[in-house]
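# Descriptive structure summary
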Amino acid sequence: MTTQESLISHDHAGPPTLSAGDHAPLPADAPPGAIFVARGLRYSYLDRFAALDGVDLDVMPGEMVALLGANGSGKSTLLKVLDGLVFPSEGTLHAFGHLVTEGNLEDEQYVEAFRSRVGFVFQNSDTQVFSPTVREEVAFGCLQLGLSAEETRQRVDDVLGMLGIADLADRAPFQLSGGQKKKVAIASVLVMNPEVLLFDEPTAALDPRSQQWLAELIVELNAAGKTIVYATHDLDVLEQIATRCVVFSEDHRILASGPPGAILDDTALLLSANLIHEHSHVHLREGQRVEHSHAHQRGGHHH
Ligand SMILES: Nc1ncnc2c1ncn2[C@@H]1O[C@H](COP(=O)(O)OP(=O)(O)OP(=O)(O)O)[C@@H](O)[C@H]1O
Ligand SMILES: [Mg+2]
């Protein structure tokens, strides 16, 4: 599958302005040019269910950052904070050097700039897909951005072709399979050509062939200049599609951050984050039962 130039080129006509009422200086230790600078993020749902408990994160342009962690550790919540969908009760998030707050996102110019620069593919496509046809669904964001009907049609055709779902254009999104919905959700985000892509478990609903294809797409998008942050449980793809892994603990903090090779080799770290299991099981060796215990890695293969 070839990626369309028009959709992945890094052709932003200068950064849209992202200044609004709420200001705070960048933290003194923020690396220059960072896309996201998060410091001390805390968030609890309904003030009761902890999701983030003091999270610091910098994301630099061109990174492919994989968020790893057990179920409920806070990965989706962090992505929602990065996308300005939930707001931390403590701590600060700067995006493109500007503070992200609920108040700032009420500013029309700010929100337009922010939404055009950051795209988010949710974990559950059902909550993201709502139009009567796939074509309208994918066109929605372009029309929101104020693109002409002609430009929109061209981009929609390009992105549907790129994702191999042109044949679904006139179908109702809610009648599609899980993986098809996921591709429609990805198309609806890519069509807006944002420079930062947030994916929540991008490969989760996909068949093996589509998983591999998506991994290649992520690499291609990254090579075209996109910064990518995603949550995943798929340890097998990390060396292909992560430049850095960030590991959450079950108490909603960041345990470690580093290149995929170093993180994947750190069995103690992976065990403590509950990313691999210490598994007791039985082997039949030369007709004898041999019971042993060892760590399972990389998607939990069995032998
Ligand atoms: N809408 C919600 N209402 C209440 N609590 C929530 C809500 N969404 C998430 N939580 C809680 O916040 C914590 C973090 O959840 P989050 O969805 O960020 O985890 P995750 O790392 O993405 O997990 P998973 O791997 O299962 O997707 C969990 O304890 C979860 O129960
Ligand atoms: Mg999640």
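As the structure is a prediction and not an experimental result, all values here were calculated from the model. (Residues numbered from 1 in each chain as written. Chains lettered and ligands numbered in written order. Predicted model: local features only at pLDDT ≥ 70, side-chain atom pairs only at ≥ 80, totals over all residues.)

### Observations concerning the sheet that holds strand 1 (residues 36-45)
Keep this limit in mind: For two strands to pair, DSSP has to find at least two bridges joining them. The numbering of helices and of strands both runs from the N terminus, where a helix is a DSSP run of H or I of at least 4 residues and a strand a run of E of at least 2.
The strand order across the open sheet formed by 4 strands is 2-1-4-5, and the pairing between neighbours is antiparallel. Since the sheet does not close on itself, it has two edges, and those belong to strand 2 (49-59) and strand 5 (98-99), each with one partner. Where strand 1 lies against strand 4 (residues 90-95), 5 bridges are found, and the strand directions are antiparallel. Bridge pairing links R39 to T92 in strand 4.

### Quick notes on the sheet that holds strand 10 (residues 254-258)
Each strand in a sheet pairs with its neighbour through backbone hydrogen bonds, running either in the same direction (parallel) or in the opposite one (antiparallel). Stated precisely, the cut-off is as follows: Lines fitted to the C-alpha atoms define the axes, with helices restricted to the stretch that makes contact. Angles between their N-to-C directions range from 0 to 180 degrees. Contacts here follow a simple rule: the backbone-placed C-beta atoms of the two residues must lie within 7 Å.
Sheet architecture is open: 6 strands sit in the order 6-7-8-3-9-10, paired in mixed fashion. A strand with exactly one partner marks an edge of an open sheet, and here the two such strands are strand 6 (118-121) and strand 10. Neighbour to neighbour, the strand axes of the sheet diverge by 15° on average, direction disregarded. Packing of helix 6 (residues 178-190) onto the sheet brings it into contact with strand 6 and strand 7 (196-200), and relative to strand 6 it is tilted by some 175°. Strands strand 3 (64-68), strand 7 and strand 8 (227-231) of the sheet are contacted by helix 7 (residues 208-223), whose axis makes an angle of about 150° with strand 8.

### Things to note about the site of ligand 1
Spelled out, the test is: The C-beta atom of each residue is placed using the backbone, and any residue whose C-beta lies within 6 Å of a molecule or strand is treated as near it. Ten residue types, Ala, Val, Leu, Ile, Met, Phe, Trp, Tyr, Cys and Pro, are classed as nonpolar, four, Asp, Glu, Lys and Arg, as charged, and the remainder, Gly among them, as polar.
Inspection of the region around ligand 1 gives 14 residues, with Y45, N71, K75, S76 and T77 positioned closest. Listing elements by their share of the shell around ligand 1, those giving two or more residues are strand 2 and helix 2 (75-82). If you tally residues by element for the shell around ligand 1, the top one is helix 2, at 3 residues. Class assignment for the residues of the shell around ligand 1 results in 5 nonpolar, 8 polar and 1 charged.

### Focus on the environment of G141
By the element assignment, G141 lies in helix 4 (residues 134-144). Sequence separation of G141 and T152 is 11 residues, and the distance between their C-alpha atoms is 9.1 Å. If we ignore the near neighbours within four places in the chain, the residues touching G141 are S188, V191 and M192.

### What about the pairing of strand 10?
When strand 9 (residues 244-248) meets strand 10, the two strands line up antiparallel, connected through 4 bridges. Residue V246 lies in a different strand from strand 10, and its bridge partner there is S257. Turn length for the strand 9-strand 10 hairpin, with the two strands adjacent in sequence and antiparallel, is 5 residues, and the turn residue H252 shows positive phi of about 70°.

### Examining the environment of L190
For L190, the location among the structural elements is in helix 6. Each C-alpha atom of the pair L190 and L221 lies 9.6 Å from the other, and the pair is 31 residues apart in sequence.

### Topic: the nonpolar core
Condition: Throughout this description, the term nonpolar core refers to a group of buried Ala, Val, Leu, Ile, Met, Phe, Trp, Tyr and Cys residues whose C-beta atoms join them within 7 Å. Working definition of burial: number of other C-beta atoms within 10 Å of the residue's own, with buried at 20 or more, exposed at 12 or fewer, and partly exposed in between, all C-beta atoms being placed from the backbone.
F36, L67, L198 and V247 are the most contacted members of the largest nonpolar core, which has 82 residues in total. Among the elements that line this core, the one with the most residues is helix 6, at 6 residues. If we skip the residues at most four places from it in the chain, V247 touches L68, G69, I254, L255, A256, I263, L269 and A273.

### Quick notes on the packing of helix 4 against helix 6
Which entries qualify depends on this criterion: What makes a crossing left-handed is the near helix being turned counterclockwise from the far one by less than a right angle; a clockwise turn instead makes it right-handed.
Put simply, helix 4 and helix 6 touch, their axes get as near as 7 Å, and they point 35° apart. For the pair helix 4 and helix 6, the sense of crossing is right-handed. Touching V134, E137, V138, F140 and G141 of helix 4 are V184, A187 and S188, all from helix 6.

### A few points about helix 6
Selection rule: Here the expected length of a helix is defined as 1.5 Å per residue gap, with one fewer gap than residues.
Compared with an ideal rise of 1.5 Å per residue, which puts 13 residues at 18 Å, helix 6 spans 18 Å between its outermost C-alpha atoms and is within 8% of the ideal. Burial analysis of helix 6 places 11 of its 13 residues in the buried class, which makes it a mostly covered element. All of the buried residues along helix 6 are Q180, K181, K182, K183, V184, A185, I186, A187, S188, V189 and L190.

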